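Coordinate analysis (summary)
Here is how the chains run, residue by residue.
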Amino acid sequence: MNCDSTDPGDGVSRRAVLAAGATGLVLPTSGCVDRVESAVDQEMDRLALSITTVPADGDREAVRIARELEANLEDVGVDASIDMRSRSEFLETILIDRDFDLYVGRHPAGFDPDFLYEALHSAYANEAGWQNPFGFANIPFDDALEAQRRADGDEREAIVADLLETLAEEKPFDPICFPEEHRVARTDRFEGWSADHPESRHGYLGLEPAENVDRLRVLVTDSRISRNLNPLSATLRERGSTIDLVYDSLATEHDGELVPWLAEDVTLERADADDDHVARARITLREDCRFHDDEPVRAEDVAFTYRFLEDTSLGRAEFESPPPRYRGHATAVDTVDVEDDRELRLGFAAGVEAARRALTVPILPAHRWRDQIRSRAEDTTSFTATQGEWGLVTMDNVPPVGSGPFRFESNSEREHLTLERFDDHFTRREDVDLPAVGVEQLQFGIDPGSASSIERVANDGADFTASMLEAHALDSVPDEPDVDHLAAPSRTFYHVGYNTRAEPFSNPHARRIVSRLLDPSWIVDAIFDGHATPTAAPLPEEWVPDELGWDGQDPATPFFGSDGDLDVETARAALESAGYQYDDQGRLRL
Amino acid sequence: MYAEVLTQVLTQVAAVVAFLLVVSVAAFVGRERLVATVREWRPRVRASAPAFAVLLVVLWLNRVMRQAGPGISERIGVHMTETFYDLEGEFVLVFQSIATGELTAYFSFIYVYGYAFLLIFPGIAYFALSDTRAFRRLLTAYSLNYVIGLAFYLLVIAYGPRNVMPEELTVTMLYDNSPEYQHLTREVNRNTNVFPSLHTSLAATVGIFAYETRSSYPKWFPIAVVLAVSVALSTMYLGIHWAIDVVAGLALAVGSVWLSNVLVGRRSIAELRRDVARRLPDRDDRE
């Protein structure tokens, strides 16, 4: 067909076509004009996706995964781009604003599979915070999340296995790999380094300083620690971080076991079948514990904490305002009854296993936080506490007042956070069978680079690198007698998160196909230099059913291709069979 | 402990730059001009004081914005990393194909030491001229570069190539090879301050001034050009800036030099005041 409309032989002059187009009279004979128009439409309808991630300064491996995904998306005809945000802005975009298509990041996970309840339950799909950032809503899946929470033992294991299989089908997020956590420590100034996670409550306990050493010099690559110590902040930390050093919890997790902490004794048992609760606990607090402002720690503070973690406005605001963190922990607790200053009874909506996690929230001093809420409620005539965003959950909380083994000493933004030993802490008592803090001062210095952090420990400019060292820098760890290289597997996992609230990822087929554009085995080899374990499930091996075990590829959503090389034709065919269409230039249409 | 590393790097930079300055002053400025400067420094300082004061205020502002900038940027800034990357793609990676150990060492040296020297030396050289205009214009042009650059930093939030393409840039990336410099640049900059490249604009500013003053300092002109070009290239070679940032830096330099020419009079404010003071009694006489 002759498509040159300027050709006089066509019978329609160019000017006439233009005039007709301008007056809205579309001539049925002017097929060329139609084609031009549809080409414009196609450009507008092209599927465009923005991958949110942090810059290489924040997480070099995440950027590399994001770029791999970007390239592969482009190959299958998507107009892909990378939206790069600083660490805190990244979390703000994903967790609070929920303004993303898909993202690449690392999930802090948790020691019990119940963290999935918080991460995926549809009840939280509209809340801001770590609770369900994907907007995922699936009724049978909700039922499974609730069932695993109530169950214990083998029954729970079976439910979790089913849950993981549904998760692998539905893909609200796509787990990629568990990184290894690498750190370096100097052994000439401190003894007793172990692979314990340094941000856990046991992290800095039991370290023996050499003579005349009164300060532990720790490096972190993340400067957020020097600006914000609010335990409720969603965006200024991923894991518990220093919060666990400044605040105590009733119990704490160590090597997978629950260890009584602020509680001298925890009796946690499944309730009878006819009970209102699934499990019950009797808690006795340690005697004479104090907050850093010398106020006593009472059972009342524990009750306050659980009440507060349900609604940070304590019922004063028009709508409830649950915090953007610890959401799953708090909802596992149904009732808290204070018996006296040291005795409490807790009733759980969870079984014994899932309830353990609820006992690890930081215990906040009621007198301080009540004042905070009161002053904020009085400041404004109509008190609204926007969920996840209001002042109380975003304030810097400097100085923090907890009851933990360390108390705040000083900070300087982007430079350091200095904590000092809290001498009244129970771990320092003779009759308490827990390791104590040896050193007087703990200083976190900010050093943005993994390579420069390693160099400083090697040059005796610091004692320890607390942040996970990036895989690319591990070659520079020196082989010196005074420098220990500590390595441990991580619970945290790299993943691609999808915004299931909007097109195209409201469609599980789209999520599955995009998940098949990444090759975790190749990513682990090429990007992590082998310092990671590829995975198809977001939980450690003991929870993963055989069907989901890693056998060189993801059994549920295997990579389209091999060795990181995408088989573009197969991927495009999969998209077409899922109902997507390509234009004549191979671009994917929305 | 943070300060220790910084002090160490700073001392090292100060020592090297001081050495370069002494050699250059001897080579380019010469004994005669120095003697004259020692004799006439008071009026010259008086003449240049306002321009100097403005520069100090601007540098102080830069310091303040380092803390306050991110908050303001968050509200009014536009995320541009994607845009820059879409526009120029992997252009800066062309330098990776010519990368060698020597070249990386050269550009790292230029980026830190060469740059510091390039900015300070003209200050001394122009102060040593009996006509203070070049000196006043230079200080004003520096101030303009900073002020306009800072405004862009607030408006444009973008990460440089090293943050976007870390794997391709590992060979030359400044902070991987010389992590100690990160402490230095962190003191004066943030990783989202990439558009425009102030390294480029200030170096180019010095280059243009060297051209304009080539009759006074003929031997400095070629040296300044080589250094300025090297600084601009180093920002891309080391993966710190996009080519777009460098182009914008050049434009900023041209604009700042031109504006400094418009703003700074042939005669200093001190001289003008003296003239006015002299003329006023004249008028009184007439009345």
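Residues numbered from 1 in each chain as written. Chains lettered and ligands numbered in written order. Predicted model: local features only at pLDDT ≥ 70, side-chain atom pairs only at ≥ 80, totals over all residues.

You'll find chain B entered in an unreviewed UniProt entry as Membrane-associated phospholipid phosphatase, with Natronococcus occultus SP4 given as the organism. Quoted verbatim from the Subcellular location (unreviewed entry) field of the UniProt record, the comment on chain B reads "Membrane". (UniProt positions renumbered as here; feature names shortened; annotations may be inferred.)

Going by what an unreviewed UniProt entry lists, chain A is known as Family 5 extracellular solute-binding protein and is assigned to Natronococcus occultus SP4. The UniProt entry for chain A carries the following comment under Sequence similarities (unreviewed entry): "Belongs to the bacterial solute-binding protein 5 family."

Okay, the overall build of chain A next. Helix and strand counts for chain A stand at 17 helices and 22 strands. What you see for chain A is a C-alpha radius of gyration of 27 Å, in line with the 25 Å of a compact globule of 590 residues. Its C-alpha atoms give chain A principal-axis dimensions of about 105 × 60 × 50 Å. Taking all 590 residues of chain A together, the buried fraction comes to 52%. Pairs at least 24 apart in sequence give 70% of the contacts found in chain A among residues at least 6 apart. (Helix = DSSP H or I, 4+ residues; strand = E, 2+ residues; numbered from the N terminus. Rg over C-alpha atoms; globule rule 2.2 N^0.38 Å. Buried ≥ 20, exposed ≤ 12 C-beta atoms within 10 Å, placed from the backbone. Contact = placed C-beta atoms within 7 Å.)

Residue and element names in this part refer to chain B. The UniProt record marks residues 12-31, 43-61, 110-129, 141-160, 220-240 and 246-264 with the feature "transmembrane region" (unreviewed entry), using the residue numbering of this structure. Counting secondary structure, residues 141-160 comes out at 75% helix and 10% strand; the distance between its end C-alpha atoms is 25 Å. Measuring from the first to the last C-alpha atom of residues 246-264 gives 26 Å, for a span that is 95% helix and 0% strand.

Within the largest apolar cluster, 149 residues are counted, with the highest numbers of intra-cluster contacts made by Leu118 and Ala203 of chain B. Here the element with the most residues in this core is helix 4 (residues 101-127) of chain B; it accounts for 11 residues. Aside from chain neighbours lying at most four places away, what touches Ala203 of chain B is Tyr115, Leu118, Leu227, Ala228, Val231 and Ala232 of chain B. Counting 77 residues, the second largest nonpolar core, distinct from the first, contains Val184, Ile243, Leu442 and Val457 of chain A. (Core = buried A, V, L, I, M, F, W, Y, C linked by C-beta atoms within 7 Å.)

Counting residues at the interface gives 26 residues for chain A, matched by 23 residues for chain B. Going through the elements one at a time, helix 3 (56-75), strand 2 (79-84), strand 16 (441-446) and helix 14 (450-458) of chain A are the ones with two or more residues in the side of chain A that touches chain B. At five residues, helix 3 of chain A tops the list of elements feeding residues into the side of chain A that touches chain B.

Where the model shows low pLDDT, its predicted coordinates should not be examined in detail. Residues and elements named next belong to chain B. Across chain B, the average pLDDT comes to 88, with 94% of residues at or above 70. Element-level pLDDT for chain B is lowest in helix 12 (residues 269-286), with a mean of 62, against a maximum mean of 97 in helix 9 (residues 198-212). Low pLDDT (under 50) marks residues 283-287, which in the prediction has zero contacts with non-local residues, meaning those over four places away or in another chain. Under the prediction, the complex receives an ipTM of 0.84, its pTM being 0.88. (pLDDT = per-residue confidence, 0-100.)

This paragraph deals with helix 14 of chain A. Residue and element names in this part refer to chain A. Where burial is concerned, most of helix 14 is hidden: eight out of the nine residues are buried. Taken residue by residue, helix 14 has Ser450, Ala451, Ser452, Ser453, Ile454, Glu455, Arg456 and Val457 as its buried positions. Taken from the residues just after helix 14, Asp460 is the one with a positive phi, measuring 65°.

All names here are of chain A. With domains assigned, chain A is organised as domain 1 (15-114 + 163-179 + 492-589) and domain 2 (230-403). Put simply, the middle of domain 1 and the middle of domain 2, counted by C-alpha atoms, are 37 Å apart. At five residues, the largest contribution of residues to the side of domain 1 that touches domain 2 is made by helix 4 (residues 87-97). Residue classes in the side of domain 1 that touches domain 2 are distributed as five nonpolar, two polar and four charged. (Domains from an automatic or database assignment. Nonpolar A, V, L, I, M, F, W, Y, C, P; charged D, E, K, R; others polar.)

This part covers the pairing of strand 1 (residues 48-53) of chain A. All names here are of chain A. Note: strand 1 against strand 2, six bridges, orientation parallel. Of the residues in strand 2, the one forming a bridge with Leu49 is Ala80. Considered for its hand, the β-α-β crossover made up of strand 1, helix 3 and strand 2 is right-handed. With two bridges joining them, strand 1 and strand 3 (residues 102-107) adopt parallel strand pairing. Bridging across to strand 3, Ile51 finds its partner in Leu102. (Pairing = 2+ DSSP bridges. Right-handed = clockwise from strand over helix to strand, strands pointing away.)

Turning our attention to the packing of helix 9 of chain B against helix 10 (residues 220-237) of chain B. All names here are of chain B. Between helix 9 and helix 10, the least distance of the axes is 8 Å, while the angle of their chain directions is 165°. As judged from the angle between their axes, helix 9 and helix 10 are roughly antiparallel. The way helix 9 lies across helix 10 gives a crossing that is left-handed. The residues of helix 10 that touch helix 9, namely those facing His199, Thr200, Ala203, Ala204, Val206, Gly207, Ala210 and Tyr211, are Trp220, Phe221, Ala224, Val225, Leu227, Ala228, Val231, Ala232 and Thr235. In terms of residue class, the contact of helix 9 with helix 10 is made up of 13 nonpolar, four polar and no charged. (Axes fitted to C-alpha atoms, helices over the stretch in contact; angles between N-to-C directions. Parallel < 35°, antiparallel > 145°, perpendicular 65-115°, else oblique. Left-handed = near helix turned anticlockwise from the far one by under 90°.)

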